[in-house]
Amino acid sequence: MLARRTLGIFVALLLVLAAPLQAADEKAKPKEPAKAEKPKLKLTFGTLTLNADYAEGPGQAGIFGEMTPNLNKIIERIDAAAADDKLTGLVLHLDGLEIGRGKVGELRAAIARARKAGKRVYADLHEGSAGAYLLASACDEIIMPPVGMVTIAGVRMEIMYYKKLFDMIGVKADMLQVGDFKGAAEPYTRTNMSPEFRKQTETVVEDYYKQMISTIAADRKIDPAKVKALIDEGLFTAQAAKEAKLIDQVTYCDEFEKQLKDAHKADEIAIVEDYGKKKIDEDFSGFAGLVKMFELMAGVEPRGKASSSKKIAVIYAVGPISTGESSSSLFGEDSVGSDTIVAALKQAAEDSKVAAIVLRIDSPGGSALASDMMWREIARIKGQKPVVASMGDIAASGGYYISMGCTKIFAEEGTLTGSIGVISGKFSLKGLYDKIGLSTDVLARGKNSGWMSSDQPFTTSEREVMLRMMKDVYGQFTQKAAQGRNLELKQLESLAGGKLYTGRMAKEQKLVDEVGTLEDAVADAKRLAGLPDNEKVERLILPRPKPLFEELFGSGAATKATVKVDLGTALPELAVPLKAAQSLRRLFAEPAVLALPYYIRVR
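Residues numbered from 1 in each chain as written. Predicted model: local features only at pLDDT ≥ 70, side-chain atom pairs only at ≥ 80, totals over all residues. Heavy atoms only, no water.

Asks: Explain unusual backbone geometry to me, using residue names and the numbers behind them.
Replies: A cis amide bond links Leu542 with the next residue in sequence, Pro543, at an omega value of -10°. The backbone of Asp274 sits at a positive phi, close to 50°, despite the residue not being glycine. The backbone of Asn486 shows a phi angle near 55°, a positive value even though the residue is not glycine. Within the element layout of this structure, Asn486 appears in the loop between helix H17 (460-485) and helix H18 (489-495). (Helix = DSSP H or I, 4+ residues; strand = E, 2+ residues; numbered from the N terminus.)

Asks: Describe the pattern of salt bridges, naming the residues involved and giving the relevant values.
Replies: In total, this model carries 22 salt bridges according to the counting rule given. A salt bridge links Arg113 to Asp79; the nearest nitrogen and oxygen atoms lie 3.0 Å apart. Of this pair, Arg113 sits in helix H4 (residues 101-116) while Asp79 is found in helix H3 (residues 71-83), placing the two residues 34 residues apart along the sequence. Classification of Arg113 by relative accessible area gives partly exposed; the value is 27%. Its salt-bridge partner being Asp140, residue Arg120 comes within 3.5 Å of it at the nearest N-O pair. Here Asp140 lies in the loop between helix H5 (130-136) and strand S5 (141-144) and Arg120 lies in strand S3 (residues 120-125), a separation of 20 residues in the sequence. Connected through shared salt-bridge partners, Glu56, Glu106, Arg360 and Glu412 make up one network. (Salt bridge = Lys/Arg side-chain N within 4 Å of Asp/Glu carboxyl O. Buried < 20%, exposed > 50% of the residue type's maximum accessible area, 1.4 Å probe, protein only.)

Asks: How would you sum up the nonpolar core? Please name residues and give values.
Replies: Leu50, Leu94, Leu107, Val150, Ile152 and Leu246 are the most contacted members of the largest nonpolar core, which totals 65 residues. The element that contributes the greatest number of residues to this core is helix H8 (residues 195-220), accounting for eight residues. Apart from residues no more than four positions distant in its own chain, Ile152 is found in contact with Gly128, Tyr133, Met212, Ile216, Ile231, Gly234, Phe236 and Leu246. The next biggest cluster of nonpolar side chains, apart from the first, holds 57 residues, and it includes Ile321, Val342, Ile381 and Ala411. (Core = buried A, V, L, I, M, F, W, Y, C linked by side-chain atoms within 4.5 Å. Contact = heavy atoms within 4.5 Å.)

Asks: Give a detailed account of the packing of helix H13 (residues 338-350) against helix H14 (residues 368-381), specifying residues and quantitative values.
Replies: One can describe the packing of H13 onto H14 by two numbers: an axis separation of 9 Å at closest approach and a directional angle of 5°. If you check the angle between H13 and H14, you find them roughly parallel. Contacts between H13 and H14 pair Ser338, Ile341, Val342, Leu345, Lys346 and Ala349 from the former with Ala370, Met373, Met374, Glu377, Ile378, Arg380 and Ile381 from the latter. Of the residues in the contact of H13 with H14, the class split is nine nonpolar, one polar and three charged. (Axes fitted to C-alpha atoms, helices over the stretch in contact; angles between N-to-C directions. Parallel < 35°, antiparallel > 145°, perpendicular 65-115°, else oblique. Nonpolar A, V, L, I, M, F, W, Y, C, P; charged D, E, K, R; others polar.)

Asks: Quick rundown of the sheet that holds strand S4 (residues 127-128)? Include the residues and the values.
Replies: The strand order across the open sheet built from three strands is S4-S6-S9, with neighbouring strands paired in mixed fashion. Either end of the sheet is taken by a strand with one partner, and the two such strands are S4 and strand S9 (235-237). (Pairing = 2+ DSSP bridges.)

Asks: Mind laying out the packing of aromatic side chains, listing which residues take part and the relevant values?
Replies: Following the criterion strictly, the structure yields seven aromatic pairs and no others. Both rings, one in Phe166 and one in Phe427, keep their centres 5.5 Å apart while their planes meet at 75°; by these two values the pair is edge-to-face. Of this pair, Phe166 sits in helix H6 (residues 163-169) while Phe427 sits in strand S21 (residues 422-428), placing them 261 residues apart in sequence. In terms of burial, Phe166 and Phe427 fall into one category: buried. Consider the rings of Tyr401 and Phe477, whose centres lie 4.7 Å apart with planes at 55°: the pair is tilted. Of this pair, Tyr401 sits in helix H15 (residues 398-403) while Phe477 sits in helix H17, and the two are 76 residues apart along the sequence. Overall, Phe477 belongs to the buried group, its relative accessible area being 0%. Here a set of aromatic residues connected by ring pairs shows up, and it is made of Tyr162, Phe166, Tyr188 and Phe427. The ring of Tyr208 has Arg101 lying over it, and the distance from NZ or CZ to the ring centre is 5.7 Å. When the ring centre of Trp375 is taken as reference, the NZ or CZ atom of Lys480 above it lies at 4.3 Å. (Phe/Tyr/Trp six-rings, centres within 6.5 Å; stacked < 30°, edge-to-face > 60°. Lys NZ or Arg CZ within 6 Å of the ring centre and 35° of its normal.)

Asks: Give a detailed account of the pairing of strand S15 (residues 334-337), specifying residues and quantitative values.
Replies: When strand S13 (residues 321-322) meets S15, the two strands line up parallel, connected through two bridges. The residue bridging Ile321 from the neighbouring strand is Val336, located in S15. Strand direction decides the pairing type here: strand S14 (residues 327-328) and S15, joined by two bridges, are antiparallel. Looking across to S15, one finds that Ser327 is bridged to Ser335.

Asks: Give a detailed account of the sheet that holds S3, specifying residues and quantitative values.
Replies: Overall, parallel pairing links the six strands, which are arranged S10-S5-S3-S2-S1-S11 in an open sheet. Two strands bound the open sheet, and with one partner strand each, they are strand S10 (249-250) and strand S11 (268-272). Alignment of strand S2 (residues 89-94) against S3, held across six bridges, turns out to be parallel. Bridging across to S3, Gly89 finds its partner in Arg120. Against the sheet, H3 touches strand S1 (42-50) and S2, its axis set at about 170° to S1.

Asks: Can you explain the side chain of Ser363? Please cite residues and give values.
Replies: Within the element layout of this structure, Ser363 appears in strand S16 (residues 354-363). By relative accessible area, Ser363 is classed as buried at 0%. In this structure the side chain of Ser363 is engaged in a polar contact, spanning 2.7 Å, whose partner is the backbone oxygen of Gly319. With residues near it in sequence (within four places) discarded, Ser363 still touches Ala317, Gly319, Pro320, Ile321, Ile394, Ala395, Ala396 and Gly399. (Polar contact = N/O pair within 3.5 Å; in protein donor to acceptor, adjacent residues only side chain to side chain.)

Asks: Tell me what's going on with the side chain of Glu412, and back it up with residues and numbers.
Replies: Locating Glu412 in the fold gives a position in the loop between strand S19 (408-411) and strand S20 (416-418). Ignoring sequence-local partners within four residues, the contact set of Glu412 consists of Gly102, Gly105, Glu106, Arg360, Met391, Gly392, Gly503, Arg504, Val515, Gly516, Thr517 and Leu518.

Asks: A description of the environment of Asp339 should follow, citing residues and the corresponding values.
Replies: Tracing the chain through its elements places Asp339 in helix H13. Since its relative accessible area comes to 45%, Asp339 is described here as partly exposed. Sequence-wise, Asp339 and Thr323 are 16 residues apart; in three dimensions their C-alpha atoms are separated by 6.8 Å. If near-sequence neighbours (up to four positions away) are discounted, Asp339 is found in contact with Gly324 and Glu325.

Asks: A description of the environment of Gly234 should follow, citing residues and the corresponding values.
Replies: Relative to the assigned elements, Gly234 resides in the loop between helix H9 (224-233) and S9. Sequence spacing of Gly234 and Thr151 is 83 residues, and the spatial spacing of their C-alpha atoms is 5.5 Å. With sequence-adjacent residues up to four places away left out, Gly234 is seen in contact with Val150, Thr151, Ile152 and Ala153.

Asks: Now, about the confidence of the model for the protein: what can you tell me, with residues and values included?
Replies: Here the protein shows a mean pLDDT of 83. Residues at 70 or above account for 78%. When mean pLDDT is taken per element in the protein, S19 scores highest with 98 and helix H22 (residues 567-570) scores lowest with 44. Low pLDDT, under 50, characterises residues 555-572; the predicted model gives this stretch 35 contacts beyond four residues in sequence or across chains. (pLDDT = per-residue confidence, 0-100.)

Structure below.
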């Protein structure tokens with residue numbers, strides 16, 4: 001009995017002693033992990049709509065500036081998307097986009113930066129004219145609605161001629177030119193191109209054509225010979241374009257957004273409409289709201305702490321060149337005023353924080369005097385700071401004149417440039433006066449007193465002195481160009497005479513240094529200023545845009561600005577000759593003009 005009890009106690013003692021060991025053993029064993037739920041994958045895409053002829057420059061100040069389409073703002077939004085870690089990609093809605101080849105190059109470069117940053121970029125192309133299609137082809141994929149159309153029917157350059165109209169209304173254009181290929185006066189004295197002007201302009205059209213073929217071939221991975229055949233066909237429905245590999249999908253955009261979910265194996269897709277578009281506070285209630293509204297309309301900027309960072313000044317010269325202040329016309333066209341640009345150059349030169357200057361030019365030229373005043377200021381400054389020219393859609397004649405004084409010149413591949421030559425002239429209105437019952441009676445002293453009279457063409461004597469003056473201006477133009485480009489004068493003269501070039505052709509002829517975008521020019525200006533690659537720089541945009549009230553009422557006697565009303569939106573075809581007429585009136589008030597034939601359209 002005792003033995004049995006002793007055995008029981010012993011067994012119980014063993015169990016007590018074994019319990020901690022068993023517990024430790026249990027603790028030492030790895031536990032089976034709980035089955036974790038797979039996290040949901042939510043991706044975000046931003047959208048941007050491109051549907052206007054985006055102007056160069058900083059745009060208007062204030063609330064109306066935010067509402068106005070502007071190339072800079074669109075590019076800033078694309079670059080912001082590239083840097084946004086929350087975004088997977090962008091969808092670009094391209095509908096009714098009408099931009100020149102230079103702007104196409106700028107936007108293509110922005111898309112390339114976004115793709116390099118790891119963003120997928122899709123083009124929702126509704127109607128693919130040449131410019132819009134070249135932009136879309138820079139994207140990862142192109143989609144098009146079933147009733148969309150691709151129209152890549154080659155390159156077409158259109159120049160409007162006014163002689164028949166002038167004959168009908170009794171106006172005679174009496175024009176002089178230096179440079180056999182200049183052609184700038186031909187639209188007013190002829191009904192078509194002269195053989196000389198046609199010959200040199202054909203080389204420009206041919207280069208645009210080659211650029212179009214090579215770009216599409218590289219982007220869409222199609223043999224260049226096949227691309228040429230597709231261009232000859234020209235017009236494609238959405239389905240035919242897909243079969244030709246010109247686009248990737250035929251679908252509506254809302255359906256495509258749903259397809260993104262499957263394509264990226266996501267649980268949810270979020271779409272941010274109008275990505276990066278600045279939101280305007282519309283609460284104008286009370287006295288504070290009234291003050292805020294006036295500040296927005298006036299373009300008053302919020303005060304911030306002055307930055308100590310180095311800056312690159314970007315100065316915009318956009319539009320026909322004239323003396324005096326820059327202005328905006330009734331028909332929505334900006335002009336480059338020499339006084340305004342010279343003041344901006346001086347401001348940048350005197351600012352100790354500005355390390356270099358980039359001059360962004362989008363101008364067909366204009367006043368020889370105004371061009372020379374800006375050239376002189378650039379030549380003076382570049383001994384102190386680098387001044388780099390960046391050419392947009394067009395930088396020809398007077399637009400080339402101001403660039404040739406810079407430290408270095410960048411052109412877009414499709415920039416229209418060159419046209420080194422001089423024209424002058426006037427419009428004799430006597431026939432028109434006779435038709436409407438006007439007459440003039442003249443008292444004069446001096447053999448050439450009527451040189452700018454609108455009542456008669458040039459006399460033989462007036463013509464001689466005008467040509468002598470123009471040849472002197474042409475001589476200065478070619479000498480300064482040869483000096484600026486480090487070319488022998490004879491070599492430069494062989495490239496002058498009014499000849500036109502694309503940016504790519506101009507580089508081959510050493511009229512420009514590099515083919516590149518505004519971003520490339522800014523980066524090179526930074527390098528020329530000796531700033532380290534990793535040093536952050538700010539951009540100082542000049543001239544400062546005028547506030548609305550200054551546009552409306554002026555800021556003193558020197559201000560020539562008028563209200564900007566873009567009739568081109570409502571009456572696009574009529575606006576072209578109206579703009580031309582207004583430009584002609586302003587330009588031919590000058591004795592010597594460095595300009596292209598106005599409103600050359602490249603489609």
